[in-house]
Amino acid sequence: MSGKLKVVIDKAACCGYGVCAEICPDMYKLDGNGVVYVEQEFVPDGLEALAREGAEACPQSALSVVDA
Ligand code: SF4
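Everything quoted here is computed from the prediction, not taken from an experiment. (Residues numbered from 1 in each chain as written. Predicted model: local features only at pLDDT ≥ 70, side-chain atom pairs only at ≥ 80, totals over all residues. Heavy atoms only, no water.)

K.L.:
When you look at the overall build of the protein chain in this model, what are you seeing that I'm missing?
P.N.:
Per the secondary structure count, the protein chain includes 2 helices and 4 strands. Overall, the protein chain shows an N-to-C arrangement of helices and strands of β-α-β-β-α-β. Its C-alpha radius of gyration of 11 Å places the protein chain within 12% of the 11 Å reference for a compact globule of 68 residues. Summarising its shape, the C-alpha atoms of the protein chain cover approximately 35 × 20 × 20 Å along the three principal directions. Expressed as a percentage of its 68 residues, the buried residues of the protein chain come to 31%. Computed over 5 positive and 11 negative side-chain charges, the separation of the two mean positions in the protein chain equals 5 Å. (Helix = DSSP H or I, 4+ residues; strand = E, 2+ residues; numbered from the N terminus. Rg over C-alpha atoms; globule rule 2.2 N^0.38 Å. Buried < 20%, exposed > 50% of the residue type's maximum accessible area, 1.4 Å probe, protein only. Lys, Arg positive; Asp, Glu negative; His and termini not counted. Charge placed at Lys NZ, Arg CZ, Asp CG, Glu CD.)

See below:
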């Protein structure tokens with residue numbers, strides 16, 4: 001069973017390492033200041049595993065993938 005997932009970002013915690021964007025560039029982007037953002041908070045079908053992997057790899061724990 002798979003429900004919709006969404007990404008919650010703690011921008012204050014993001015240090016711009018870009019690990020999330022390397023792992024899942026379709027989901028996580030870095031803005032001009034090197035802070036992570038997403039173009040849409042809901043994780044598209046098929047990107048669930050990579051979105052989770054990218055969030056879990058964040059050294060700052062700035063990303064959470066949660067049930068929408
Ligand atoms: S891995 Fe974490 S600290 Fe690095 S850019 Fe992504 S959210 Fe920011």
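Now that the structure is up, let's keep going.
K.L.:
Explain the nonpolar core here, please?
P.N.:
Membership of the largest hydrophobic core comes to 19 residues, with the highest contact counts inside it found for Val 7, Met 27, Tyr 28, Val 43, Leu 63 and Val 65. Contributions of two or more residues to this core are made by β1 (5-9), α1 (19-23), α2 (48-56) and β4 (63-67). (Core = buried A, V, L, I, M, F, W, Y, C linked by side-chain atoms within 4.5 Å.)

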